[in-house]
Each structure stands twice: as structure tokens, then as C-alpha cells.
4 protein chains.
Amino acid sequence: MLRIGMLTSGGDCQALNAAMRGVVKSLAANVADLEVYGFENGYKGLIYGNYRLLTSKDFSGILTKGGTILGSSRQPFKLMRVPDENGVDKVEAMKQTYYKLSLDCLVILGGNGTQKTANLLREEGLNVIHLPKTIDNDIYGTDVTFGFQSAINIATDAIDCIHTTAASHNRVFIVEVMGHKVGWLTLYAGIAGGADIILLPEIPYDIDKVVEAVQKRSSEGKGFTILAVAEGAISKEDAKLSKKEYKKKVEKRKAPSVSYEIAEQIKEVCGTEVRVTVPGHTQRGGSPCPYDRVLCTRLGSAAAQAIMDRDFGCMIAMINGKTKKVPLEECAGKLKSVDPDGQMIIEAKRMGISFGD
Amino acid sequence: MLRIGMLTSGGDCQALNAAMRGVVKSLAANVADLEVYGFENGYKGLIYGNYRLLTSKDFSGILTKGGTILGSSRQPFKLMRVPDENGVDKVEAMKQTYYKLSLDCLVILGGNGTQKTANLLREEGLNVIHLPKTIDNDIYGTDVTFGFQSAINIATDAIDCIHTTAASHNRVFIVEVMGHKVGWLTLYAGIAGGADIILLPEIPYDIDKVVEAVQKRSSEGKGFTILAVAEGAISKEDAKLSKKEYKKKVEKRKAPSVSYEIAEQIKEVCGTEVRVTVPGHTQRGGSPCPYDRVLCTRLGSAAAQAIMDRDFGCMIAMINGKTKKVPLEECAGKLKSVDPDGQMIIEAKRMGISFGD
Amino acid sequence: MLRIGMLTSGGDCQALNAAMRGVVKSLAANVADLEVYGFENGYKGLIYGNYRLLTSKDFSGILTKGGTILGSSRQPFKLMRVPDENGVDKVEAMKQTYYKLSLDCLVILGGNGTQKTANLLREEGLNVIHLPKTIDNDIYGTDVTFGFQSAINIATDAIDCIHTTAASHNRVFIVEVMGHKVGWLTLYAGIAGGADIILLPEIPYDIDKVVEAVQKRSSEGKGFTILAVAEGAISKEDAKLSKKEYKKKVEKRKAPSVSYEIAEQIKEVCGTEVRVTVPGHTQRGGSPCPYDRVLCTRLGSAAAQAIMDRDFGCMIAMINGKTKKVPLEECAGKLKSVDPDGQMIIEAKRMGISFGD
Amino acid sequence: MLRIGMLTSGGDCQALNAAMRGVVKSLAANVADLEVYGFENGYKGLIYGNYRLLTSKDFSGILTKGGTILGSSRQPFKLMRVPDENGVDKVEAMKQTYYKLSLDCLVILGGNGTQKTANLLREEGLNVIHLPKTIDNDIYGTDVTFGFQSAINIATDAIDCIHTTAASHNRVFIVEVMGHKVGWLTLYAGIAGGADIILLPEIPYDIDKVVEAVQKRSSEGKGFTILAVAEGAISKEDAKLSKKEYKKKVEKRKAPSVSYEIAEQIKEVCGTEVRVTVPGHTQRGGSPCPYDRVLCTRLGSAAAQAIMDRDFGCMIAMINGKTKKVPLEECAGKLKSVDPDGQMIIEAKRMGISFGD
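Residues numbered from 1 in each chain as written. Chains lettered and ligands numbered in written order. Predicted model: local features only at pLDDT ≥ 70, side-chain atom pairs only at ≥ 80, totals over all residues. Heavy atoms only, no water.

As recorded in an unreviewed UniProt entry, chain A goes by ATP-dependent 6-phosphofructokinase and comes from Agathobacter ruminis. Chain A has a UniProt comment under Catalytic activity (unreviewed entry) that states "beta-D-fructose 6-phosphate + ATP = beta-D-fructose 1,6-bisphosphate + ADP + H(+)". Within the UniProt record for chain A, the comment given under Cofactor (unreviewed entry) is "Mg(2+)". (UniProt positions renumbered as here; feature names shortened; annotations may be inferred.)

Set out below in C-alpha cells:
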């Protein structure tokens, strides 16, 4: 007899369903007596005891379905130890639900914040397995997270569409790609989309260098320039500010995001039209790409094996093409950023791509 | 011996190249001695004599290529009779280029504004053929324009992506669809994407009705609502303003567009998170869909026949599945809008879709 | 109180679910007391009383879902009056099910054969509404059927993929497109994919003309040629045979289909490699395209109105952009074929496309 | 001054152009005086001196373009030392072309066979760099080859389309995936597409086990079954035959491929309809996916660095997310097959996927 709980937490992304299907199909094929409880809307469902018993039918036909059949919500890690408005102790409440259902394990799908709470539950004595979900690809301890490749595809599609219109009108275009803290998505989509300039949170930009790169293309007879700019791209001056000062500055900013600010600056110097496109939340949506489906099926199957081995307290990672168990204590709370001096940046710069630095 | 000129004017869109290929392949297959001049960047090329002789190689492999191999630019009709900064009389300049090259005909691809200038050139004695291009589908005299279906596909893709994330997070989402004056694109993409509320320029909305529709869904246990909102959606009060007053109001608006304003209003009343997504210029870009490729091939072939018949001064339209020649004097300057009481709106309302009216 | 039954019959295609959703959402929004019975696997479910009561949940999220939630099967019209292996009178059995459930109306989604049986049920006194489904677009009385545009997209995708590999290897490629009796799908996909030669059931080909067209391209320095060939393409000689003789000949044919035969013939004369690709059943599958979703939503909504008006015995058609009711007695049993002398063929020929005639 | 030659050999695939663009853009950005010669149609161009000087314009806009701007052809390695029909010594001829043009290096894009010839040229004293291209992913020494992920996407699309139609009709469907010698593509597309049974060249199947797997699904109430079958799938008995005996048997086979044979066998035992779909050459075609574009840009950039470092005689590989130079003598002539006992197979089996063994 095996009883597991399952939840998806944080911003949703593609392939959450595929990952859950991987876990449950693998367990169902190997465990005679299996019960799967799905908690609704992330940790909220665990805290407030909102769950439903899932059957194999729930997992049929969801391999290609975006979103999450369990719903999701953001539950900031830093508030987990803070009682809610009714005085409920969230951690205790989660433990109670866990013990009330006599769960053998909790399978938790989510990003960095989710992982920290998963680790907290582990420290509190619960059996947990974490699956690394995020379009940001910023989870430490795994080569890749699911959602990432699907999001790259959508962001690249946007750049591809912009390419034809930019070329027809000799315009400068900025495509703003998701990613406040890390630039993986912008970097990959930027290269895949053939962007000329790529601005990442990890490599503060000098607006003069950005303008220079635009002008260089123009002087070479190339009528248009495409910038892939991460939501969290930051100028060299701003990077010197304290977090507080920067936050204040952002709040005062008239433009809705950094991309609009950069657009203004380029326009001012170069005199060309600069348009901004923001694919936004579409980057989290839609059907998972085949890459993510294979990734999630493998991670899910490996998670099932870990559960059957009663080997808990870990994230199931993909490292060098192999699924591996990484102890949560080793990875929780760490961020995987783009290395400004890493091989991939060097390769991109060699191609003539400007990072504005 | 046949000498034609060709230009693409106004905002670019998908299938411009497919249409030009249709014209030239048809002429090349039927005219022994053909010369095709391509004017660069719309009417600008015609005014300032920037053109190049095109060969069949230029038209090879472009059926699926977005944008326009000739480049495009916006040349407002109302400025056509106004000399440029150097005192050049634009209409005279265009005529001179035309006669200098001894053209038999000018093939002009563009939207409403472009068509008006085409008609002006016709009045000035030039032989012109117009091909109806626009993602807005607002050209009077043809059932459909090219670019429209391709743009629907992209806008619908965006709504599809938003659907999964909206459902996972129980959020209200607004997808802003292109269309300042007419709502065809929003209407089609909204229905195709399964939007719950669709706001069009032709049907001024009452924000209370919009909020009511959101709340109705919520009360029926549907956790999320999706709105497809045209760029030019307008509230009932604003619709009563004069053009000038409205323009002033828009300029003062803090939100970058009407969608953000509506988002604020819904949030205020309903208390739910409301997110806005703006696919923007991606809607004009990328490869044309098969529907547009067939449409353009047919329009192009029909244009070629009109040229060979020396039957000028018309737009090549698609009416009831057949290509037809429509005299420019009959259609130029007219706009095809969504009929608020038309069959399609009635059908959509019957489904329970709210138009906020 | 309104009780309707619903079934999908014949080869499945995209947008069946979208159409049923259109009907049910429209009825649910306008009828206080609605019961919808779904018959499983087409007429089979009606004959043998296999059905289930459907709720609004069944119709949620299926707008974009391919296939049919009811299942389908082929029940040849000519066997409808023939008792089954157990002596069951099918027509009587269907009537019994209908009356037992006290249905107000049967909504029947299907192609030509399905429509004939629908008409038979009408003659037998049942209230029926037919919705025109088929990737073949061969239903008389409507400009377009649903599934058609989605299938065009898939077949065109295949031709697009073949284009790059054909060009790289200077090969002749045949893409076999679905369509045994009519060539609409091949014609549209062929034009959209830029095929050089298109062979349709309606225009018997002369293999010498086909070879000539391949050689012409080769002599013009174009290294590759792409043929779009309908499953039911037929040579001029074979077209002269009686149905029986032709069937015999096909059975004796070594090649799996006519495309392989044509490939052999081209290879023999031209000496070039000729490859055949058969997308096959993929053309019926996958998510419906936005065009079909709008079409089905409109047809479904119009069907709902007809039901509420108790105006039965008709097909809901799309004619000149408007939904219309067409009496089944006017359209049942008739086929809409490609007119070999029609405008679209003339336009394609003008472009230099060969039809092998 | 740097002079390089470039050629693409073997079956074409997606991202060849992207890879060449990566090499040339990187060199152009770093080398003052660069000449790039493109050899036409693979080694043929090198043997017979068919080449053209390429300019940066040739590499503009080709990142997303499928196929190869240089053309390709198959030149079997085993015939390289055999004179052609006119007595031309191919290896000598290639060396002559190389020296005549005073090339610094030959950049060779291709699969296993191509790599062997590249190694031969290295042994003959030429400077060569090899880039690993193939949809088969079977090149030893690199984690992944380009074209692989794009082909997975296309094959998975086909399975996705088949899924809806299989489910609607309760049918057994076989999708035949490219791969005569190795099963990577079938394995990945099969998992991504949710296939129930996957048959690979590396795991000979027992038809009884295959039939059993179909029947098991049926007994569990799942109406349809999908098989992903590699072109080179082989039964246990056939795997025991010598190469010669097997070849003979295949030639005698009535069915066009192993899939049709398996279809017959399932049909015979289970009595269900079994349909076969063969996406065929579409799997090599179309635009490269973003994954392949990033991969190729990185490999191309790394190749450029190797050339500037004058570090030749290697393949540029992707190993653990990093580009690396692998000496040709270490990898040429070796094949990377699916390990029947590897982690990925174990994970798939845990999910309940049958490999027919």
C-alpha cells in the first residue's frame, strides 16, 4: 500500500501535467495498492486540506496538456513561518494534513521558492520529492528544468515573427523575454531567434554600447536590429544601486518596463523607430514541446523509483543526460545564473552578438 | 513587351511576397517579354526613383516567406498632395518615375490608405491594380484581405497559451489584439480562442457589463475569465466624445493602452488579479498560413490576367469564393467594419460571449 | 424542456468537438431545462442504445481538442436498411432509441454518407439537424466543411517540409494527399505548398504530360519538382475503365497506391530519384485550426437557433460567409467536386502549375 | 588571410544552414581577410571542383531556413577509394581542389559516413573540421547531433495527430519513424508522443509480446493503442539471421516496410483495424527548432575558434552542455546506439511502455 500526495506550486508552466503523469503511471504499473491525493492550488491545498483522490483517468491524455490539473498558487517561502490572517500556523497545518492522510510521500513540483518550502517540510520530518519546474531554468543542481525549452520555443516564435516585420520596415525591435533574476530564457531565445543584441540581468549593460551596436549594424547596411531583453535587464549604473534604491527607481519609472526605457534611449540617439513587444505570460502557456515531455516523463519515472525505494528528501535532476537524485539540503536556496564569462556567452560574442557590456 | 512596377505600402503583413509571386509567375508564364520593377519601401521608392529590376529568381522560394522583399513604409494619403521637406511634388514625382520607366501598370499591395493613393494615381491617369493587404480585414469591396487569417492564427495562439496559465491560476487575463479602427481580428481570434468577453471598437463597452460578465463566470464556478480586447476598444462614455476630446483623453491616460485601463477597473471591483498580454507586432509577422497563400496565389493570378487584359483601375477582390475586379472608385476611401447587429455577433452572443454592451 | 441527442459519424476530423460545444453552449445559455444525450461511436450508439447524459463539464476545454469525445465509426448508408448479423433492423432500432429518450432533435455531425442516413431518419419522421464535417470539403450545399482547413494546414506542412529536402537533394517528391473521390484538399494544399504538379481525381492525368512538366522544370535549371497527388488521382486510360475494371486493376497493382506507380513512371523516363511521402491519417488529426474553430462555433450556434425554432430536417451550411439552413432533401446524396474548368483551376494553370492534362 | 571551404554531405536535415552561419559569422567578426568557398552537393563538389565564393549575404536570413544552401548528396565512404566511371581518383581530386584553392581548412557537415571520409582526408594531410549532423543522433563522441531535436518534433507531431484519430475510432495505429540502424529518434518521439509500444533496431521484438501489449490495453478498457516503430525495427528471429539472409528476406517481403508486416500480424491475432502512417522524409525537412538553432550556433562558433587556433582534425561535439573538440581518429567509424539496458529504457519500461521484448 502506497499513499502519495502531489502538488504544483508557483507560476505554472508547460509539462507540469506530463511530469505528474510520469510519476503516477510508473507507480501504478509497479505498486499494487496505490492512492494518489492531489492538493489544489499548491501549498494552499496542503495547508487548508483541499485535495481530491486522483484516479488513472485523471492522468489520461494530459501528456500534451499545458497548465496543471491541480491548479497552482504562489506561497512565498518567507511567509511560510508566518501565521495567516486567521492565525493558522501554515507549517503545522501542512504536517497535519500529511499525517491525517497517512501519506508516504509528497511529490512537489515547483521552482526555487517551492523547493525551499519542500526542504523546510523535509526538515520538519516529512518525506518529500521535488521536481524542478520553471521556465527560468535557474534551479541549482540540475542541468535543465521543465518548461524551459517550451518557453524558449514561444519566445523564439515571437522573435521570428518580429524578424519579418522588422526587416520590412527597417526598424529596431525589442522583444522582452521573461526572467527577472536570471537570463537563461533570454539568452537561448535570443540566440535561437538571431537577435543582434541580448541584455541579461547577469550582464549589466552600458546604454552607449547598446546604441553603438545598433549604429554598427546600420553602418553595415543592415536596416534593422533586434534586441532580446530580459525583464530583469539592468544598466551598469542601476546595478551599482542598493536593492532598495533600485526598487524605488523602478517604481518611479514612467515606462512599463526596462525595455520601454531602452527603446526611448535608442530612439533618442539613433532617431529610428523602436518598437517593443512583450509576449508575457504566453511564455508559460500552451502545450509542452516534445523535449519537455521526454524530460518530464523521465523525471517522473525516476521520482517513482525513488518513492518505491523510499529514498526521499531529494530533487530529481537531469545531469549529463541522466536522471539523478540531488539532496534538497544541497540545492535548496541556491540560484543557477548565467555565467557572464561562461563558454556560451563567449561563443555568442564571437558571433558578433552584443551584450551591451 | 510588358513592363510592370510593383510596390508594397503601409504596415507589412504575411503573404505580401506570396501575392507578388502570384502576379509575376502568372505573367512570366504567359508573356514573352516581361520586365518587373520593384520599388523600394512603398510609395517612397516610386517618388524618389528607388527601384530595381526583378528577375524570376527574386520570386523563387518566397511563397512561405513573411514580410516583403521590397520593404515597406507608411506614406499617409493626406500628405500625398503636400510637397516634401525639399519641395518635391510627390504625385508629380510618382508620375515621372512611372513614365520614365514606360510602365504598363503599377501593382500596388496595401491597405486602406494605400488604396486611396492608388486611386489618386488612377485619377492622374496611371494604370494601377490594387491587391488588398491588411491583417485588419477592413477593406471595403472584398470578403477577405490577405494577412488576416495569418494574424488570426497568431493572436489565437496567444489566447491558447494564456488559457492554460489562466486556468491554472484562476486569473482574469486580457489579450490585446491589433485593430485600432475595426474589430475583425479581435472578433475572429476571440471566438477561435474561446474568449469569454470580446471588446471591439464597433461595440462600445459598458465597464459595468464587463465586470458583470466576469462575476457571472466566477459565480458559475469558472475560476478564470479571458478577454480579447481590440486596441481600439472604447467605452460608451468615450464613444460619445468628439475625436479631439477622445484623443486628448487617451494622451492623458496613464495606462499604456485601453486594456490596462480595463484591467485596473476589473481588479478594483472584483479584487482578482488581472493580467494583460500584448502580442503586438508579432501579429503581422512570420510565415503566411496556407489559407493566405492560396488566397494570394489566386489574387495574384487574377491580377496578372487583368494586366494582360489591360483592365486597370481596380482592386482584385475575393467575393463569395471567386476573384473579382472591383473598380477603385467604388471602394477607395470606404471602411468595412463589424456590424454590431450582424449574424456573427448574434451567433457569438447566443453562445454566451459578452461584448460588454 | 429540451432533449437533444448528438452523434459523430464517419471518419473523424478536427473540430467535431468545437462544433458540439457550439451547439450545447448556445442551447445551455438560452434553454432553462436542457438534456443532451451523447451516442457513442456514431450511428452504432443510436442503434444499440449506447449513450450517456452529457453535462456542461463535458464541453469545457474541448474547443481546441481534436477527435471526438463521443467516438465515431463508419456505418455505410447502403447497409442501413440491411439487418445486422443478429437480425436487428437498424432503422427501427434508431427510431426506438429516439422515441424512448423522447428526443426533440438529433444533431448529427458527419460527411456525405452520414448525411444520407440523416436524411433517411428525417424521412422516417425524426427531427434531425446535420453539421457538415469532412476534410474532403465535398458536401454539396455548403461552401466549406469543417476539418477541411485544418487538414489543408497539415498537408501543407508536409509539403513545406519536403520542399527543403527536395531542394537540397535535387529530387522529385510526391506528397500523397487524402481524397479518394474529390481533390479539394490536394488542390488547396498543393497551391499553398507551392507544388509544381497537382493531380486530382477530377482531372485524369496523362503520364506523358506529367513527365513533360518534370522535364520542363529540369530544363529551366530547377533541380527539384514537387507533386501533390490525391489518393484518388487517376490516369486518362484508367478513367475510361468501368468501375469494376478499375477496381480489379487497382487490386492487381503492385504499388501501395497511385503515387508509387507515378513515381516509378517518372523515374523510368527521367532517371531521377523520386520519393513518395504519405502523411495519411495525420491529416484528420490534431487540434483544429482557428478557422475551423470559428466555423464550428458559428455552425453550432446556428444549429442551436434552428433547434429552438424547431426548424429541422436541414444541414447548417456556410454560404457566402453566412450560416444558412439547407433542406436535407436538397443536398443529401450529392457530391461537390472540383470543376476542371472552374476559376481556381484556371488561376492555378495560369501560374504554370501542371495538372497533367 | 584565411581561406576555408565548406560542404554538406549525406541526407540533408534541419539546421545545416544555421551551423554554417555560425562558423562564418564568427570568422567574419574576427578575421580581417576571409574567403569562404562553398562546394556544391557534398563531396561531389570537392571532387569535381564545383564551388562558389560565398559572401556574408549568403548567410543572412538562413538561421531558420531548412535544407542546405550548398546542396547535398550521398557519397558512400566505401567508394571513396574507388575511381569513378571516368577513372577519376576521387581522393586525389579532392586534394587537388583543396590545394588549388590554398584552403586553410575544410569545414564538413555530415553524419557517420561523411565523418569517415572527413577522417580519410585528415589522414591524407588536409585540415578538416567536422560538424555532427544527423536526425539519427548516432554519432559517437557527442551527446547530441543537430537535426535530431527538429526531427523529434516532426515525428511527435505526427503521433499527436494520430492520437486524436486513434482515440476516436478505437484503432491500433503504427507510426513509422526514421532510423534504419539506431532507434534514438523513435525512442524520443515515442515517449514524447505517448506511444504505448516502441520498437527499436537495438531491441529485437517478439511479435507475441507486442500483441500481448495491445491486448493488455484493450482488456484495461483503453480502446486504442499507438506503436512507434523504427524503420529498422527487427524481430527476434530476424535478428538471428546473417546480414545477407536478412537482406534477402526483406527483399522478398510483400509489405513496403516492417511496420506493415507488424500491422498484419496484430490484425490477424487481435482482429482490430491497424493503420500505418509513414511521415518519411518530412522528418528531415522544414525549419530547424530553436534547440537546434542554439546548438548549431554554438557548434559553429566553436568551430570558428578551432579554425582560428589552427586546431584541426576534429569533430566539434556537445558534451555535458559544453562544446568540445573530439579528434576524428577517436570517433570516426563508431556508432552510438540505444543501450537496451540503459537508464532511459528502464525509465520507459517502468512507465509501462512495452518494447516488445
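Now that the structure has been shown, we can carry on.
Asker: Would you mind showing me how to read the pattern of salt bridges here?
Answerer: Close approach of charged atoms allows side chains of opposite charge to pair. Applying the stated rule across the entire model yields 70 salt bridges over all chains. Ionic pairing is found between Arg3(A) and Glu35(A), a salt bridge with its closest N-O pair at 2.8 Å. Separated by 32 residues along the polypeptide, Arg3(A) in strand S1 (residues 2–8) and Glu35(A) in strand S2 (residues 34–39) bring together distant segments of the chain. Arg217(B) is the salt-bridge partner of Asp196(B), the closest N and O atoms lying 2.9 Å from each other. Here Arg217(B) lies in helix H7 (residues 207–219) and Asp196(B) lies in the loop between helix H6 (184–192) and strand S7 (197–199), a separation of 21 residues in the sequence. Given a relative accessible area of 12%, Asp196(B) falls into the buried group. Judged by its relative accessible area of 13%, Arg217(B) is buried. In the salt-bridge network here, residues are joined through shared partners; they are Arg81(A), Glu92(A), Lys95(A) and Glu124(A). (Salt bridge = Lys/Arg side-chain N within 4 Å of Asp/Glu carboxyl O. Helix = DSSP H or I, 4+ residues; strand = E, 2+ residues; numbered from the N terminus. Buried < 20%, exposed > 50% of the residue type's maximum accessible area, 1.4 Å probe, protein only.)

Asker: So what exactly am I meant to see when it comes to the interface of chain D and chain C here?
Answerer: Interface size is commonly expressed as the accessible surface area that is lost when the partners come together. Contacts between the two partners involve 33 residues from chain D, matched on the other side by 33 residues from chain C. Summed over both sides, the interface of chain D with chain C buries roughly 2,100 Å², with 54% coming from carbon and sulfur. Contact with chain C buries area across many residues of chain D, yet Ser168(D), His169(D) and His281(D) alone supply 27% of it, more than any other trio. At the boundary of chain D with chain C, the tally comes to zero salt bridges. At the boundary of chain D and chain C, one finds twelve residue pairs in polar contact (both at pLDDT 80 or more). Elements supplying a minimum of two residues to the side of chain D that touches chain C: helix H5 (148–169) and strand S9 (274–277) of chain D. Of all the elements, H5(D) adds the most residues to the side of chain D that touches chain C, at nine residues. (Contact = heavy atoms within 4.5 Å. Buried area = accessible area lost by both parts, 1.4 Å probe. Polar contact = N/O pair within 3.5 Å; in protein donor to acceptor, adjacent residues only side chain to side chain.)

Asker: Teacher, can you tell me more about the domain arrangement of chain A here?
Answerer: All names here are of chain A. Partitioning chain A into domains gives domain 1 (2–147 + 288–331) and domain 2 (149–284). In this structure, domain 1 and domain 2 have C-alpha centres spaced 34 Å apart. Contact with domain 1, which involves 14 residues of that partner, is made by twelve residues of domain 2. Carbon and sulfur atoms make up 50% of the area that domain 1 and domain 2 hide from each other, which totals about 1,100 Å². Three residues, Gln 14, Ile 135 and Asp 136, lead the burial of domain 1 against domain 2; their summed loss comes to 46% of the area buried on that side. Where domain 1 meets domain 2, there are zero salt bridges. There are seven residue pairs in polar contact (both at pLDDT 80 or more) connecting domain 1 and domain 2. Its residues assigned to classes, the side of domain 1 that touches domain 2 shows five nonpolar, four polar and five charged. (Domains from an automatic or database assignment. Nonpolar A, V, L, I, M, F, W, Y, C, P; charged D, E, K, R; others polar.)

Asker: Honestly, the packing of helix H1 (residues 16–30) of chain B against helix H11 (residues 290–308) of chain B in this entry has me stumped. Any pointers?
Answerer: Helix packing geometry: the angle between the two helix axes and the distance between the axes. Residues and elements named next belong to chain B. Between H1 and H11, the shortest axis-to-axis distance is 7 Å and the interhelical angle comes to 45 degrees. Here H1 is positioned oblique relative to H11, judged by the angle of their axes. You can see that H1 and H11 cross each other, and the crossing is right-handed. Taking contact as the criterion, the partners of Ala 18, Ala 19, Arg 21, Gly 22, Val 23, Ser 26, Leu 27 and Asn 30 in H1 are, on H11, Cys 296, Thr 297, Gly 300, Ser 301, Ala 303, Ala 304, Ile 307 and Met 308. Counted by class, the contact of H1 with H11 contains nine nonpolar, six polar and one charged residues. (Axes fitted to C-alpha atoms, helices over the stretch in contact; angles between N-to-C directions. Parallel < 35°, antiparallel > 145°, perpendicular 65-115°, else oblique. Left-handed = near helix turned anticlockwise from the far one by under 90°.)

Asker: Looking at this structure, how should I read the relation of the copies chain A and chain D?
Answerer: Related by rotation about an axis and a shift along that axis, the two copies of the chain form a pair. The operation relating chain A to chain D is a screw motion whose rotation component is 180 degrees, with 0.0 Å of axial translation and a residual RMSD of 0.0 Å. Within this description, the copies of the chain are treated as partners about a two-fold rotation axis. Closest approach to the rotation axis within chain A is made by the C-alpha atom of Asn320(A), at a distance of 2.5 Å. (Least-squares fit on C-alpha atoms with pLDDT ≥ 70 in both.)

Asker: Looking at this structure, how should I read a positive patch on the surface?
Answerer: All names here are of chain A. A contiguous patch of positive charge on the surface is contributed by Lys 78, Lys 116, Lys 181, Lys 243 and Lys 247. Secondary-structure assignment places Lys 116 in helix H4 (residues 112–123). The class for Lys 116 is partly exposed, based on a relative accessible area of 32%. (Patch = residues over 30% accessible without salt bridge, like charges linked within 9 Å, V, L, I, M, F, W, Y side chains within 5 Å. Areas by Shrake-Rupley, 256 points an atom, 1.4 Å probe, with all protein chains shown as cover. Lys, Arg positive; Asp, Glu negative; His and termini not counted. Charge placed at Lys NZ, Arg CZ, Asp CG, Glu CD.)

Asker: Mind showing me how you'd approach the pairing of strand S5 (residues 128–132) of chain C here?
Answerer: Side chains on a regular strand alternate between the two faces of the sheet. Residue and element names in this part refer to chain C. For S5, the buried fraction is high: five of the five residues fall into the buried class. Burial along S5 is two-sided: Val 128, His 130 and Pro 132 facing one way and Ile 129 and Leu 131 facing the other are all buried. Summarising the sheet, strand S4 (residues 105–110) and S5 pair through five bridges and their orientation is parallel. Paired with Ile 108 across the strands is His 130, a residue of S5. Crossover handedness for the path S4 to helix H4 (residues 112–123) to S5: right-handed. Pairing of S5 with strand S10 (residues 314–319), which is carried by two bridges, proceeds in the parallel orientation. Residue pairing across strands places His 130 opposite Met 315, the latter belonging to S10. (Pairing = 2+ DSSP bridges. Right-handed = clockwise from strand over helix to strand, strands pointing away.)

Asker: Would you explain the UniProt feature "binding site: ATP" (unreviewed entry) in chain A in this entry?
Answerer: In this numbering, the UniProt entry assigns the feature "binding site: ATP" (unreviewed entry) to Gly11(A), Arg74(A), Gln75(A), Gly111(A), Asn112(A), Gly113(A) and Thr114(A). For the residues just named, distributed over 104 residues, the greatest C-alpha separation is only 11.6 Å, placing them together at one site. On the secondary structure map, Gly11(A) appears in the loop between S1 and helix H1 (16–30). If we skip the residues at most four places from it in the chain, Gly11(A) touches Arg74(A), Lys133(A), Arg284(A) and His169(B). Structurally, the position occupied by Thr114(A) is in helix H4.

Asker: Explain the interface of chain A and chain D to me, please; I cannot follow it from the model alone.
Answerer: Counting from both sides, the interface comprises 38 residues of chain A and, opposite them, 38 residues of chain D. Of the roughly 3,200 Å² buried at the junction of chain A and chain D (both faces included), carbon and sulfur atoms supply 55%. Here chain A is connected to chain D by four salt bridges. Here Arg293(A) makes a salt bridge to Asp160(D), at a shortest N to O gap of 2.8 Å. Scanning the region where chain A abuts chain D turns up 20 residue pairs in polar contact (both at pLDDT 80 or more). Elements represented by at least two residues in the side of chain A that touches chain D include exactly H1, helix H5 (148–169), helix H6 (184–192), helix H11 (290–308), strand S11 (322–327) and helix H13 (343–350) of chain A.

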